[in-house]
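Breakdown of the fold
Given next are the chains, with one letter for each unit.
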Amino acid sequence: MLENKTKAKLAAGEAVFGCFTRYRDPALAEFISMLGWDFMIFDGEHGPLEAHHVEELCRAVEVRGITPLARVANNQPHLILRFLDTGVHGIHVPWVNTSAGVEQAVQSVKYGPRGVRGLAGSRASDWGIHESIADYTVRANRETMVIVHIETIQAVDAIEEYVAVEDVDVLFIGPTDLSHSLGHPGDLSHPDVMAAMDRVAEVVVPSDKTLGIYAGTADFATRWLAKGARYFTTSPDGFLRSGMKEYLDKVRS
Ligand code: 3PY
Ligand code: MG
């Protein structure tokens, strides 16, 4: 397991920018990883990626020096274990709707004594080739990141309890699911959705946790940078859609 440069940047007070991918092709992941992102998230929630794909994607982006992360489909210890063992440096856990769920996510990511992650020689531990398994568990607990999604009204209502859970790195607003939870699917600028996101920011920014958010556009990210968020994600789909449509609209007009 390599040093987690994204975690180090956050600890130094910097903002970090990452890109999801739901595509299996390591060449596409490697290409994206060369564009200047701090990290990539291999998406096992909204996409077909399984642990074996994620392991190949890790190999593709590690050589380019960025941090590999993964999103699991939901807050299940066995899913988190299988994705972590591929060598990703942290896990996005969606749909965490209680503070007990936040604690469970941390415990799934961390080895003992903090957590209950199952231990074996795996790609994550370099199969025990470079250091003892005992040393690896200490390093893994230090380097891995826990990114918990806030994407339902239940999570927003419990946000004070979420910031009190130890060893969570990022409390991450999922605006699309949150807008759905509030009865305004996809309407990220609806006043109810904006008010819920602002409430999360008011609690998380002054705490010892980092505020994260999915920002499909640079304008949206810039607005949230000003509100104190420091962990940003986007995905290639929107850029492909707008770039290709703009090209075709121009040449066909
Ligand atoms: C959401 O907007 O619901 C997300 O999960 C973004 O990653
Ligand atoms: Mg979501």
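Each remark here, short or long, concerns the structure printed above.
Note that the coordinates shown come from a computational prediction; the quantities given were computed from them, not determined experimentally.

Digging into unusual backbone geometry
- In this structure, Pro113 follows Gly112 across a cis peptide bond, with omega equal to 5 degrees.
- Note that Pro113 resides in the loop between α5 (99-109) and α6 (133-143).
- Its identity is not glycine, yet Trp127 carries a phi of approximately 50 degrees, on the positive side.
- Note that Trp127 resides in the loop between α5 and α6.

Structural notes on the pattern of salt bridges
- The final tally for this structure, using the stated rule, is 18 salt bridges.
- Between Glu45 and Arg71 there is a salt bridge, with its nearest N and O atoms 3.2 Å apart. Here Glu45 is found in the loop between β2 (39-43) and α3 (51-62), whereas its partner Arg71 is found in strand β3 (residues 67-71), with 26 residues between them in sequence. Each member of the pair, Glu45 together with Arg71, is buried.
- In this structure, a network of salt bridges that share partners links the residues Asp43, Glu45 and Arg71.

Points about the sheet that holds strand β8 (residues 231-234)
- Ordered by their spatial adjacency, 8 strands build a closed barrel running β1-β2-β3-β4-β5-β6-β7-β8, and the pairing between neighbours is parallel. When strand polarity is set aside, the average angle formed by the axes of neighbouring strands in this sheet is 25 degrees.
- For β2 and β3, the ladder comprises 5 bridges, and the chain directions are parallel. Counterpart to Met40 in the pairing with β3 is Pro68.

Digging into the packing of aromatic side chains
- Going through the model one piece at a time under the given rule, you end up with 6 aromatic pairs.
- Relative to Tyr231, the ring of Phe39 has its centre 4.6 Å away and its plane inclined at 25 degrees; by these criteria the two rings are stacked. Highlighted residues: Phe39 in strand β2 and Tyr231 in strand β8, separated in sequence by 192 residues.
- Their ring planes at 90 degrees and their centres at 6.0 Å tell us that Phe172 and Tyr231 sit as a pair that is edge-to-face.

Some details on the coordination of the magnesium ion (ligand 2)
- Those protein atoms acting as donors to the magnesium ion (ligand 2) are Glu151 (OE) and Asp177 (OD), and they sit at 2.1 to 2.2 Å. One end of the pair, Glu151, is in the loop between β5 (145-150) and α7 (153-157); the other, Asp177, is in helix α9 (residues 175-181), and 26 residues separate them in sequence. Summarising the burial analysis for this pair, Glu151 and Asp177 share the class buried.

So, the site of ligand 1
- The environment of ligand 1 is formed by Phe20, Arg71, His149, Glu151, Phe172, Gly174, Pro175, Thr176, Asp177 and Tyr214.
- Within the side chain of Arg71, a nitrogen or oxygen atom sits 3.0 Å from an oxygen atom of ligand 1.
- Within the side chain of Glu151, one N or O atom sits 3.1 Å away from an oxygen atom of ligand 1.
- Here ligand 1 loses 93% of its free accessible area of 230 Å² to cover by the protein chains.
- Of the residues assigned to the shell around ligand 1, the class counts are 4 nonpolar, 3 polar and 3 charged.

Notes on the nonpolar core
- Ranked by size, the top nonpolar core spans 54 residues in total, and within it Phe42, Ile91, Tyr162, Leu171 and Trp224 carry the most contacts.
- In terms of residue count, the dominant contributor to this core is helix α10 (residues 191-204) (7 residues).
- Within the second largest apolar cluster, 11 residues are counted, among which are Phe39, Leu69, Met145 and Val170.

Examining the environment of Arg24
- With respect to the helices and strands, the residue Arg24 is situated in the loop between β1 (16-21) and α2 (26-33).
- In this structure the C-alpha to C-alpha distance between Arg24 and Lys110, which are 86 residues apart in sequence, comes to 27 Å.

About the cut-offs
Residues numbered from 1 in each chain as written. Chains lettered and ligands numbered in written order. Predicted model: local features only at pLDDT ≥ 70, side-chain atom pairs only at ≥ 80, totals over all residues. Heavy atoms only, no water. Helix = DSSP H or I, 4+ residues; strand = E, 2+ residues; numbered from the N terminus. Salt bridge = Lys/Arg side-chain N within 4 Å of Asp/Glu carboxyl O. Buried < 20%, exposed > 50% of the residue type's maximum accessible area, 1.4 Å probe, protein only. Pairing = 2+ DSSP bridges. Axes fitted to C-alpha atoms, helices over the stretch in contact; angles between N-to-C directions. Phe/Tyr/Trp six-rings, centres within 6.5 Å; stacked < 30°, edge-to-face > 60°. Donors = N, O, S within 2.8 Å, 3.2 Å for Na, K, Ca; no water. Near = heavy atom within 4 Å. Polar contact = N/O pair within 3.5 Å; in protein donor to acceptor, adjacent residues only side chain to side chain. Areas by Shrake-Rupley, 256 points an atom, 1.4 Å probe, with all protein chains shown as cover. Nonpolar A, V, L, I, M, F, W, Y, C, P; charged D, E, K, R; others polar. Core = buried A, V, L, I, M, F, W, Y, C linked by side-chain atoms within 4.5 Å.

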